[in-house]
Amino acid sequence: MTIVSFDDDDDFAFAHTAKPIARSRARARSWIGRLAHIWIPCLMLLALAAPSVPSLLPATRDYLDEIYQPMQALKFFSSRGHAFHKYGPMPNFILAPGYAASLAYWKLTGSFGHPSGDYPYGLQHPFEQIGFLILQDRLIFLFLGLIAFGYLAHTLRLIAPSRVGVAFALLFVLVTNYSIVYALPTARPDSPMLAFAAIALAVYIRILVLGLTIR
C-alpha cells in the first residue's frame with residue numbers, strides 16, 4: 001500500500017504544469033527571436049519619434065512644422081470636399097474616423113456646440129480639445145508608419161535569407177534617417193506618403209517573388 005501525502009500531490013501537479021509553461025515560454029522566446037528583424041527597428045523608430053508626439057501640446061495649432069491639421073480635415077468635410085488646400089485630401093480621410101469619434105463624444109457630452117469657421121469653432125475648451133485632436137493625428141500617422149515598415153521588413157524575408165541582414169538594412173536606412181524619424185509623427189502628407197510607399201514596395205516584392213495574382 002502506497003501513501004501519497006499532500007506534498008507529493010503538489011509536486012506531481014507542479015511537474016505536470018511546469019512542462020507546458022516551459023514549452024510556452026520557449027515558443028514565446030523563439031517567436032520573439034524570429035520577429036526580431038521587425039520589432040527591433042520599429043521599436044527604435046518609436047523611441048526616437050515618441051518625444052515629438054506630446055511636444056508643445058495642448059495648443060490650438062500644430063507647431064512642429066507647416067501643418068494645417070486638424071482644421072484642414074474639418075474644413076474639408078464641412079465643405080463636402082470643396083475647401084481648397086495645397087495638400088491632397090488623403091490625410092483627411094485617414095484622420096476622419098478618429099476625428100468623427102472625438103467630435104461625436106464632445107457633442108454628446110455638451111462640449112461641442114454649433115460648428116463655426118471662427119475661433120473657438122464651437123468648442124467649449126478649444127485649447128485642450130484641438131490639442132487632443134493634434135495628439136490623435138500624430139499617434140495615428142506614427143503607428144501607420146510603424147505598421148507599414150514592419151510589413152516591409154516581414155516581406156523582405158522573401159528575398160533576404162538573413163534576418164540580421166533585414167534588421168541591419170532597416171536600421172541603416174530608416175532609423176538613422178532623421179527626415180523619416182521627424183516626419184512619422186507629424187500630420188503632414190509626408191508621413192502617410194512614407195507609409196504607403198513602404199507598403200507599395202512590399203507588395204511589389206511579393207509580386208516579383210510569389211507572382212502576380214488577383215489578390
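Because the structure is a prediction, the values reported are computed rather than measured. (Residues numbered from 1 in each chain as written. Predicted model: local features only at pLDDT ≥ 70, side-chain atom pairs only at ≥ 80, totals over all residues. Heavy atoms only, no water.)

Notes on the environment of Tyr119
Here is the rule: Strands are runs of DSSP state E lasting at least two residues, helices are runs of H or I lasting at least four, and both sets are numbered from the N terminus onward. Residue exposure (1.4 Å probe, protein chains only): buried if accessible area is under 20% of the type maximum, exposed if over 50%, otherwise partly exposed.
You can see Tyr119 is positioned in the loop between α4 (90–109) and α5 (126–156). A relative accessible area of 52% places Tyr119 in the exposed class. Tyr119 sits 59 residues away from Thr60 along the chain, and the two C-alpha atoms are 9.4 Å apart.

Things to note about the nonpolar core
Going by this rule: Side-chain atoms within 4.5 Å are what join buried Ala, Val, Leu, Ile, Met, Phe, Trp, Tyr and Cys residues into a set we call a nonpolar core. Should any heavy atoms of two residues lie within 4.5 Å, those residues are considered in contact.
Core analysis: the biggest nonpolar cluster contains 23 residues, and Leu45 and Phe149 have the highest contact counts within it. When contributions to this core are tallied by element, the ones reaching two or more residues are α2 (36–49), α5, α6 (163–175), α7 (178–183) and α8 (190–210). With seven residues, α5 is the single largest residue contributor to this core. Each residue touching Leu45, except ones within four places of it in the same chain, is listed here: Leu146, Phe149, Leu174, Val175, Val181 and Leu184. Formed by 14 residues, the second largest nonpolar core is a distinct cluster that contains Leu64, Leu103, Leu123 and Leu133.

A closer look at the packing of aromatic side chains
Cut-off, in case you're wondering: Think of it this way: a Phe, Tyr or Trp ring, Trp meaning its six-membered ring, pairs with another when their centres are within 6.5 Å, and the plane angle makes it stacked under 30 degrees, edge-to-face over 60, tilted otherwise. In this scheme, the term charge over a ring applies when either NZ of a lysine or CZ of an arginine sits within 6 Å of the ring centre and within 35 degrees of the ring normal.
The final tally for this structure, using the stated rule, is eight aromatic pairs. Aromatic pair Phe76 and Phe93: ring centres 5.6 Å apart, planes at 80°, arrangement edge-to-face. Here Phe76, found in helix α3 (residues 71–78), pairs with Phe93, found in helix α4; they are 17 residues apart in sequence, far enough to count as distant. Assessed through its relative accessible area of 14%, Phe76 is described here as buried. Grouping aromatic residues by their ring pairs yields a cluster made of Phe76, Phe77 and Phe93. The ring centre of Phe112 lies 5.6 Å from the NZ or CZ of Lys107, which sits over that ring.

Remarks on unusual backbone geometry
The omega torsion across Leu57 and Pro58 is 0°, close enough to zero to call that bond cis. Mapped onto the secondary structure, Pro58 falls in the loop between α2 and α3. Residue Gln69 is joined to Pro70 through a cis peptide bond whose omega torsion reads 10°. Relative to the helices and strands, Pro70 resides in the loop between α2 and α3. With phi around 60°, Leu56 is a residue other than glycine that occupies positive phi space. By the secondary structure assignment, Leu56 is in the loop between α2 and α3. The exposure class of Leu56 is exposed, given its relative accessible area of 53%. Although it is not a glycine, Arg80 sits at a positive phi angle of roughly 55°. Note that Arg80 resides in the loop between α3 and α4.

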